[in-house]
Amino acid sequence: MSPLTSYLLLSAMIFSIGLAGALSRRNAILVLSGIELMLNAANLNFIAFWRYGPNPAALTGIMFTIFSISIAAAEAAVGLGIILAVYRHTRNTDLDQMNSMKG
Amino acid sequence: MTVTFLILAALTIIGASAAMGLRNLIHCVLALTLGFVGLAMLYLELGAQFVGFTQILVYVGAVAILSVFAIMMTRSAGPHAEPALSASWIIGLVVAGATFAVLAWAILSSGITAPATEAPDVSVKQIGDALMHSYAVPLEIMGLLLTAALIGAVIIAMPQEKTP
């Protein structure tokens, strides 16, 4: 198995773990963490393809990863802000009980 | 596949699984931090030093602390009586398992091979040059996005005045 294949398989594994967590946990904060894990798996793919790609001097993978990390940070800040606002209305962070549009 | 890769991969997978599987939320975030550290070391192993240290700064530093703050402010820590998994957790696990099966099948059957070349030497100066020249417009847009996210997060989380 070539190094690139093992990195891709590891990335697929991390993505699936994040997906499983995002789909099956009740707490909103953990669902957000699962989404962060999925974004990180995509970043690992970018870096692996940059490293073993034909033209590593072009820096494309690194640039894409840097921008992706910035977007993930913005997403985490806004997501946790929304969770705090919802908690202030409903007094819990259980996603199974968030079933009304009016707080 | 080297021993270093195996150790780092095991660390990352254990951290990620524990983060998604444990019951206590604080333990979950600590395990998630372990997974992020493993990923940062994988970036270093791949020769992307700048991205590795950015990962440590942003994820291990900022996102983990932010999550711990959110857990404490929503009083979600500690043991709970209600189940940790949602009502439809079996469907979630099946979907995730199927996704991994399809991805692994696609990767293994693609026949992709890459020779193990020398790690490219990328300095921070080169990255800064690229950010200031060919990626200047995306950088500006990213700054705008981060400003908007900062203001938006503060406004969303601000307590609302009761209007009569």
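Please read all numbers here as calculations on a predicted model, not as lab measurements.

Quick word on the overall build of chain B
Part 1 of the reasoning: If you tally the helices and strands in chain B, you get six helices and zero strands.
Part 2 of the reasoning: N-terminal to C-terminal, the α/β element order of chain B is α-α-α-α-α-α.
Part 3 of the reasoning: On C-alpha atoms alone, chain B measures out to a radius of gyration of 21 Å, which is more than a quarter above the 15 Å that the 2.2 N^0.38 rule sets for 164 residues.
Part 4 of the reasoning: A principal-axis box enclosing the C-alpha atoms of chain B has dimensions of 65 × 40 × 25 Å.
Part 5 of the reasoning: Looking at chain B residue by residue over its 164 residues, the buried ones come to 22%.

Quick look at the overall build of chain A
Part 1 of the reasoning: Looking only at helices and strands, chain A features three helices and zero strands.
Part 2 of the reasoning: Reading chain A from its N end, one meets helices and strands in the order α-α-α.
Part 3 of the reasoning: Taken against the 2.2 N^0.38 rule, which gives 13 Å for 103 residues, the C-alpha radius of gyration of chain A at 17 Å runs more than 25% over that of a compact globule.
Part 4 of the reasoning: Considering only C-alpha atoms, chain A reaches an extent of 55 × 25 × 15 Å along its principal axes.
Part 5 of the reasoning: Here chain A, with 103 residues, has 54% of them falling under the buried criterion.
Part 6 of the reasoning: Nonlocal contacts in chain A, meaning residues at least 24 apart in sequence, comprise 50% of its contacts between residues at least 6 apart.

A look at the nonpolar core
Part 1 of the reasoning: In this structure, A:I14, A:I29, A:L44, A:I47, A:A48, A:A76 and B:Y43 are the most contacted members of the largest nonpolar core, which totals 60 residues.
Part 2 of the reasoning: Breaking this core down by element, the ones donating at least two residues are α1 (3–24), α2 (28–52) and α3 (60–90) of chain A together with α1 (3–21), α2 (25–45) and α3 (49–73) of chain B.
Part 3 of the reasoning: Not counting residues up to four positions away in its chain, the partners in contact with A:L44 are A:Y7, A:S11, A:I14, B:L39 and B:L42.

Regarding the interface of chain A and chain B
Part 1 of the reasoning: In this assembly, 61 residues from chain A lie in contact with 67 residues from chain B.
Part 2 of the reasoning: Put simply, the parts of the chain that give the side of chain A that touches chain B at least two residues each are α1, α2 and α3 of chain A.
Part 3 of the reasoning: Of the residues forming the side of chain A that touches chain B, the biggest block, 20 residues, is contributed by α3(A).

Description of the domain arrangement of chain B
By a widely used convention, the size of an interface equals the accessible area lost when the partners come together.
Part 1 of the reasoning: Segmenting chain B into domains produces domain 1 (1–78) and domain 2 (122–164).
Part 2 of the reasoning: Spacing between the C-alpha centres of domain 1 of chain B and domain 2 of chain B amounts to 23 Å.

So, the packing of α3(A) against α3(B)
Part 1 of the reasoning: Direction vectors running N to C along α3(A) and α3(B) enclose 5 degrees, while the axes themselves pass 11 Å from each other. Relative to α3(B), the element α3(A) lies roughly parallel. Seen from α3(A), the contacting residues are A:I62, A:T65, A:I66, A:I69, A:A73, A:A76, A:A77, A:L80, A:I83 and A:L84; seen from α3(B), they are B:F50, B:V51, B:T54, B:Q55, B:V58, B:A62, B:V63, B:L66, B:A70 and B:M73.
Part 2 of the reasoning: Of the residues belonging to the contact of α3(A) with α3(B), the class tally is 17 nonpolar, three polar and no charged.

Some words on the packing of α2(A) against α3(B)
Part 1 of the reasoning: Between α2(A) and α3(B), the least distance of the axes is 12 Å, while the angle of their chain directions is 175 degrees. Classed by the angle they form, the pair α2(A) and α3(B) counts as roughly antiparallel. Only B:V51, B:V63, B:S67, B:A70 and B:I71 of α3(B) make contact with α2(A), whose side of the interface consists of A:I29, A:S33, A:E36 and A:I47.
Part 2 of the reasoning: Here the contact of α2(A) with α3(B) is built from residues that sort into six nonpolar, two polar and one charged.

Structural notes on the environment of B:V68
Residues and elements named next belong to chain B.
Part 1 of the reasoning: Checked against the element boundaries, V68 lands in helix α3.
Part 2 of the reasoning: Look at V68 and you get partly exposed, because 17 C-beta atoms sit within 10 Å.
Part 3 of the reasoning: Placed 43 residues apart in sequence, V68 and L25 show a C-alpha to C-alpha distance of 8.7 Å.
Part 4 of the reasoning: Not counting the four nearest positions on each side in its chain, V68 is found in contact with I26 and V29.

Some words on the confidence of the model for chain B
Part 1 of the reasoning: Taken over all residues, the pLDDT of chain B has a mean of 88, while the share at 70 or more is 93%.
Part 2 of the reasoning: Our summary of model confidence lists the complex with pTM equal to 0.90 and ipTM equal to 0.91.

Considerations on the environment of B:F50
Part 1 of the reasoning: One can find B:F50 in helix α3.
Part 2 of the reasoning: In this structure the C-alpha to C-alpha distance between B:F50 and B:M158, which are 108 residues apart in sequence, comes to 35 Å.

Some points on unusual backbone geometry
Residue and element names in this part refer to chain A.
Part 1 of the reasoning: At L59, a position not held by glycine, the phi torsion is positive, near 65 degrees.
Part 2 of the reasoning: Within the secondary structure layout, L59 lies in the loop between α2 and α3.
Part 3 of the reasoning: On the neighbour-count criterion, L59 (22 C-beta atoms within 10 Å) is buried.

So, how was this worked out
Residues numbered from 1 in each chain as written. Chains lettered and ligands numbered in written order. Predicted model: local features only at pLDDT ≥ 70, side-chain atom pairs only at ≥ 80, totals over all residues. Helix = DSSP H or I, 4+ residues; strand = E, 2+ residues; numbered from the N terminus. Rg over C-alpha atoms; globule rule 2.2 N^0.38 Å. Buried ≥ 20, exposed ≤ 12 C-beta atoms within 10 Å, placed from the backbone. Contact = placed C-beta atoms within 7 Å. Core = buried A, V, L, I, M, F, W, Y, C linked by C-beta atoms within 7 Å. Domains from an automatic or database assignment. Axes fitted to C-alpha atoms, helices over the stretch in contact; angles between N-to-C directions. Parallel < 35°, antiparallel > 145°, perpendicular 65-115°, else oblique. Nonpolar A, V, L, I, M, F, W, Y, C, P; charged D, E, K, R; others polar. pLDDT = per-residue confidence, 0-100.

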